[in-house]
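# Secondary and tertiary structure notes
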Amino acid sequence: MRNRFNRPFPKALLLLCMLCLFLPDTVSAKLPYKTWFNDQQTGRMITTQPLYVPDGIIGWDGFELPLSAPSDLFITKDNHVYVADTGNNRIVELDEQGKFVRHIGEADGDGMLNQPLGVFVTEEGTIYVADTGNNRIAVFTKGGRFQQAYGKPESPLLPQEYFFVPSKLVVDVRGVMYIVVKDSYQGLLRLDAKGKFTGFFGSNKTELSWLDRLKRAVLNKKQLEKEIARRPGSIENVALTGEGFLLTTSSGLSDGQLKRLNAGGMDAFQNKRFNEFQLSDAGVDQSNFLYGVNREDGAISIYDPQGNVLFYFGDTDKTVHQLGILSYPSSLAVSSDNKLWVSDSASNTIQVFKRTAFGESFLTAAKLYYEGRYKESKPYWEEVAKENGMINLTFEGLGKISLHEKQYETAMAQFEDAYNAAGYSEAFWSVRYEWIKQYFLYAVVGLALVLWGGRLLLRRTFAYAEGRSWPPLSVRYGREMKDALYTMLHPYEGFYRLKERKISWAILGLIVVLAAGIRIVSVYGMGFIFHPYDLSRVNLTMSLATLFAPWATWIIANYLVSAVKGGEGRLREVLQASTFALVPYIALMIPVIALSHIVVLEERIIVDSIEQIYWIWMLALFFIMTQVIHNFDFLETVKNVLITLCTIVVIWIFLVIIAGLGFNLFDFVYQIFREVT
Amino acid sequence: MALLAAGVCAAIVVVTAIVVASKPALPALSEMQIRMPEQSLFPVYPDAAWSPGGTDANGYAEAASNGKFSLLVDPGTSQIAVRDTRSGYVWRSNPPAEQLEKETVKGLQLSNLQSPFILEYMTTGNTQRNMTNALEPKPDIRYDTFDKGLQASYTYEELQLSFVIQYELTGSGLEVSVPTQGIEENGENYLLAINVLPFFGAVSGTEEEGYMFVPDGPGGLIRFDKKRIAGGVRYDYPIYGDEIANAKSPSIPREQISYPVFGLKRGDHGYAAIVKEGKYSTWIKAVPAGIVSTYHSISANFVYREEYPRKVSRLGAPINTMQKERIHRDRRIEYRLLSGEEADYTGMAHSYRDYLEQSGMLGKPLESVTHVPLQLSVIGGAAKVTSGGLRYVPMTSFKQAEKMAGELASSGVEKLRLIYNGWQQDGFVESERRFPIEAELGGESGAARLIETVQAQGGEVWFADNMAVMDPEQAEVSAKTEGMRGVDGTVVFNRQGKFMLNPGTAVRAAKKTVDTFAALGADGLLLQGPGESVFRDYNSGAALEREDTAYLYNSFLGYVQNRFASAGTVHGNDYALANIDLITELPTSSSYDVIVDETVPFYPIVLHGSIAYTAAPGNLRQMQDEELLRAIEYGAVPYFILTERPSRQLIGTSYDTMLYSSEFAVWKERVAAEYKKFDQLAHVYSLRISDHRKMSEGVFVTTYEDGTEVTVDYQANRFDVAKGAAK
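Residues numbered from 1 in each chain as written. Chains lettered and ligands numbered in written order. Predicted model: local features only at pLDDT ≥ 70, side-chain atom pairs only at ≥ 80, totals over all residues. Heavy atoms only, no water.

### Here we look at the interface of chain B and chain A
Keep this limit in mind: Should any heavy atoms of two residues lie within 4.5 Å, those residues are counted as being in contact. A 1.4 Å probe defines the accessible area here, and the buried area is the portion of it lost by two parts on being joined, summed over both. By convention in these notes, a salt bridge is any Lys or Arg side-chain nitrogen within 4 Å of a carboxyl oxygen on Asp or Glu. Only DSSP runs of H or I covering at least 4 residues are called helices, and only runs of E covering at least 2 are called strands; the numbering of each starts at the N terminus.
In this assembly, 65 residues from chain B lie in contact with 60 residues from chain A. Broken down residue by residue, the surface that chain B buries against chain A is led by Ile252, Arg648 and Tyr660 of chain B, which jointly contribute 15%. The interface formed by chain B and chain A contains three salt bridges. Counting only elements with at least two residues in the side of chain B that touches chain A, the list comes to strand S25 (381–386), strand S30 (499–500), helix H11 (624–633) and helix H12 (664–679) of chain B.

Okay, structure coming up:
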């Protein structure tokens, strides 16, 4: 269920939608950016009220020397913010208001920094600086005095040509340093507390394009050596979560852009594909929600603890004119009061975002929900539902609560609102259970009565029908209908009876119309767990076409092939037989539709297997039909069916090409028409 | 063969004729008494040469005087100054020369500081913008006199460019005009823009206390004493927003300028500058100290040609190209000089309000009320995008709206102004094909009954309509014939595939809305489009300037006001003010500009008592508490947009980008509770705001003309109303 958030969607499209502010928008833009989420049902970008609003911009007012290209942020437990003020060759400490406290990095001597790109402060207050320009890690005491430095570690495992250009780092409780080395594909460089190299950590996977794979398969070793080696993408940023996980961000990868690594280097997100391809940094709050900042569009994305994206907000501009707009975000950090601090190295500023009341309710509700504390989450979800009626997760959460409170009917409605089949099914199971408990005996007796009465009625009707003289046309239709049903169960005999015979168009038409009707009913009338999506998204024409287009092509192809291959059947016969082959679909789809309303998700297999049965059945009928109508032996039939299938493919390829060309021609004429008029 | 061809042609002609004839023609503009105005241009005074008498110690010669003010000119540099005869205070067009000696900028930037204008031009075949002023190269300057004023003509021999600036004293200050007839381009050089008096009253650093006032949102202040971010961030935006016909790439959303005013306060003096003519192609430009020079300066930039991205091929990146034709419009700006008490943003607002009143641009005052009206917009229905085309989604029927009105009345809402949206057939709100009223909602008879019921309860029923943005899937008119055309001659579509309807057609097509609902007895009409969007239409043969669009919209609003008791617009640009009584969604916050230090209720001060206005709908606030308090601080009236059915059903319609919570059942109690808060301000509904000030951090007081004080405390999240002694 939560996996639905996982489904990738084109980020580019999403951006397009967000930039549609070209003609005046209906509601005036108050914040300079929007907050939105992707509605999985419609694929639309739905705007919501903000979860985060700008709380200030820092960098020049109150600074003797304004920030210059700030590129890393670290927030301590007491919410003091350390900034790698790269352009000024120093580390700056700010208080929780963003006021300048002090700067670290000495004017000369060993403590002089050169273009530091990263900073980390331990619990004890020791300041580690990725002193990039000096190719070292510089360590300062709590008081800001230079303590020691670590250069490139000596190790036989490190290649000679390995450049030690540290850009970011974190230090764990044991004093082990995990260092991001610029443009290094090996992953994080790990140094123990003494500065000894202890291996690489958490490297990305090499991404091979299909061309690379082909080359690997085809080229020999020598040729391969000449190819430029494919290297995994480099890690760009690293952060330490409260629980000791390492959060790495890499940009320019197609998956695993955001990883949560445990001590063993395993990614909790399993190299998941994110739709944010240019993440420059990510941070985590105390409830384990993740926040990523995208360099490409200046948007900040909020993820749940499993790494599923919940919301986006923000925008980008070349020059930053407005609060909340980012130009070249370099780092993001989350303070303990859940403010987001984002450094922007192009505009030489740090922007701070604070959570809104809505954001607080939503994220609290979601946190409790993910932790399974449904009861506690109730007031928050109710608050969220009041403020925003668009988000599916709200209804999922409320559904879970109703389920917990044994309000099964309400839960069903809420899960239906959330398009959540699993939850719905769970609630429905309880409803059904209650119902069976209460009415089982009546139901059995009722069913028996209905069966018995129905049988009686059927018999009486048949007796009556047989005892009466019918007009010849009705007799014919009746017999043909009977034959259609008979063929379903006795195909060889049934199809044999069809030879040299003309079934009336009325009955053929009726079967096709029935099949189409059942198809439509199956689209709209199946139980909710079989279509947990917005029905208006269904393309009815398309779903009819998926049934009838192959069927119609089959008729044509089968006739064409058999005619060449010496089959006996005429077109009419093929048509008749193929139509009769639709009967199992009609016959079995009715119980499927009825059952779909009764079963729960775990029993879905019943419905699915019936569906599979009628498909197999129909295919068998088509096969037998070919054999009987054209009077082939078994092997001939197999051959014929295979050729027919190939023909179907050819026909479709042909149709697609014709359609494509036709469209081009039409477009050409239309463009000429447009030019002329 | 020829016969056949002739036959086919004849058949086509006949069919076309039948199709054309069978389509009901839109009513003519004249049926609404709308006639396009004749353009009369400002005169130029060619031969009344003025010769300066003696100059004073500062190099100024007196050129004109009207008792209150005298106009001084430095004949050499053509710098001007205005002296308040009573106080002797002098406003200078440029910083005095002795002060400039300390200035560190050099070259053109330094000479700009000494010039009464900055001119931008371009040479044919060259895409570079060039800048010049009254010093580099020095133009030929000639002075002529007229009535109470002085005309300075500038001729650049080399550039073959010339233009004139006219200065005239008024009762409240100085009027500066640039007549279009005075502009001559005889060679290869084209005029792009004239920035007049770029440094009028400019303040150096923190030599004086004060601020620049910019028309951002409700009003914004750029203070002199704030340190600025490096990187050249300035305020430079066009009045009424970017020209959409010039199809610039979308930028970060901001509140567009909806009133042509800017101002400056220095110490005990200040001015409000009102762009009176040519405001549709004027930019307002504020540059704080430290960006270019050490001066804080604010001015109007008169734009004559705009840059636009010209698409060369479908795939390639567009090339920036300059508009060919010069915008032939006169430009005029009045600096209303203020001092003492009035020399602040409230004074500037009062001054602008006086101007609007004097020139008949502000409608009749509101009548006093015993209870504040609650503006309740309801959405009838909408069109949802589905795989099978657009599908109708009913949200609130007329009956359900009646029920809402009843429930609100019983929960204490004393006066309701129900605004019914989305009554159009099939929920086609972005279409000129509106009628019949959607049957599923109750049709015309349902609407009539709704009006009757609500009016019987003492409320009002308005209907809402959209005139500008059209969805080609909904509209009947073809975008090709009636859509706004961009500068390259093609119809401009936004990325959602929508287009702007030609304003003439829009007005003609909307007549039926007016007539139908007027006949049904509705109380008013709320229009989306006329209050917020002005644009050019480059349709060959029927090209429209932004002025024309505004004129058409405004005339239509006049027609609406004739037929109904009241009229309203969504947003309210100043040109529409004469013909409306209500503005919805008036911006109450700024664009979050880094350089705007404070947001002030300038526009609310101008409007209050004449036009009722709402802030953002109460159910769609971005920050609940702050925005509610802001609405009360700014004297707005309560507003909600609600639906009977859950807002969730709007997913897939054009409303899903804005209406994230609208279900009546969810909001009912909060509406009633909020109404009671706003109703405490009922007695000031028709009064003007006489003062607004900041008491302390987060505490603001708005004073009305009867002495009522509304104190809003954002920190304590509360407000108090202290009634004044009624006059």
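### A short note on the sheet that holds strand S15 (residues 197–201) of chain A
Pairing between sheet strands relies on hydrogen bonds along the backbone, with the strands arranged either parallel or antiparallel. All names here are of chain A. Short version of the rule: For two strands to pair, DSSP has to find at least two bridges joining them. An axis is simply a line fitted to the C-alpha atoms; with a helix, the fit covers only the stretch in contact. Between two such axes, the angle follows the N-to-C directions and lies from 0 to 180 degrees.
Spatially, four strands are ordered S12-S13-S14-S15 in an open sheet, and the strand pairing comes out antiparallel. Looking at strand neighbours, the two that pair on one side only are strand S12 (166–171) and S15, the edges of this open sheet. When strand polarity is set aside, the average angle formed by the axes of neighbouring strands in this sheet is 25 degrees. Pairing of strand S14 (residues 188–191) with S15 involves three bridges; the strand directions are antiparallel. Residue Leu191 lies in a different strand from S15, and its bridge partner there is Phe197.

### As for the packing of aromatic side chains
Residues and elements named next belong to chain A. The criterion, for reference: Each Phe, Tyr or Trp ring (for Trp, its six-membered ring) is paired with any other whose centre lies within 6.5 Å, and the angle between the two planes then decides the class: stacked below 30 degrees, edge-to-face above 60, tilted in between. Think of it in three bands: with a 1.4 Å probe and only protein chains considered, a residue is buried below 20% of the maximum accessible area for its type, exposed above 50%, and partly exposed in between. We call a charge positioned over a ring when the NZ of a Lys or the CZ of an Arg lies within 6 Å of the ring centre and within 35 degrees of the ring normal.
Scanning all chains against the criterion turns up 65 aromatic pairs over all chains. Seen in terms of ring centroids, Tyr439 and Tyr442 are 6.5 Å apart; in terms of plane orientation they differ by 55 degrees. Their pairing is tilted. Of this pair, Tyr439 and Tyr442 are both found in helix H8 (residues 421–467), three residues apart, which corresponds to roughly one turn of the helix. Accessibility expressed as a relative area gives 36% for Tyr439, which makes it partly exposed. The ring centre of Trp470 lies 4.9 Å from the NZ or CZ of Arg468, which sits over that ring.

### Some thoughts on the pattern of salt bridges
By the definition in use, this model includes 66 salt bridges over all chains. A salt bridge links Arg501 of chain A to Asp483 of chain A, with the nearest nitrogen and oxygen atoms 2.7 Å apart. Of the two residues, Arg501 of chain A sits in the loop between helix H10 (491–498) and helix H11 (505–525) while Asp483 of chain A sits in helix H9 (residues 472–489), which places them 18 residues apart along the sequence. Assigned by exposure class, Arg501 of chain A and Asp483 of chain A land together as buried. Between Arg228 of chain B and Asp597 of chain B there is a salt bridge, with its nearest N and O atoms 2.7 Å apart. Here Arg228 of chain B, found in the loop between strand S15 (220–223) and strand S16 (235–238), pairs with Asp597 of chain B, found in the loop between strand S33 (582–584) and strand S34 (598–599); they are 369 residues apart in sequence, far enough to count as distant.

### What to know about the side chain of Thr553 of chain A
Residues and elements named next belong to chain A. As a reminder, the rule being used: We call two N or O atoms a polar contact when they sit within 3.5 Å, provided that within protein one can donate a hydrogen and the other can accept it, with sequence-adjacent residues counted only if both atoms are side-chain atoms.
Topologically, Thr553 is positioned in helix H12 (residues 540–564). By relative accessible area, Thr553 is classed as buried at 6%. Polar side-chain contacts of Thr553 include one of 2.3 Å to the backbone oxygen of Ala549.

### With respect to the pairing of strand S17 (residues 246–249) of chain A
Residue and element names in this part refer to chain A. Residues of S17 alternate between two faces, with Leu246 and Thr248 on one and Leu247 and Thr249 on the opposite face, all of them buried. Relative to S17, strand S16 (residues 237–240) runs antiparallel, the two being bridged by four bridges. The partner of Leu240 across the bridge, within S17, is Leu246. As judged from the four bridges shared by S17 and strand S18 (residues 258–261), these two strands associate in the antiparallel manner. Paired with Leu246 across the two strands is Leu261, which belongs to S18.

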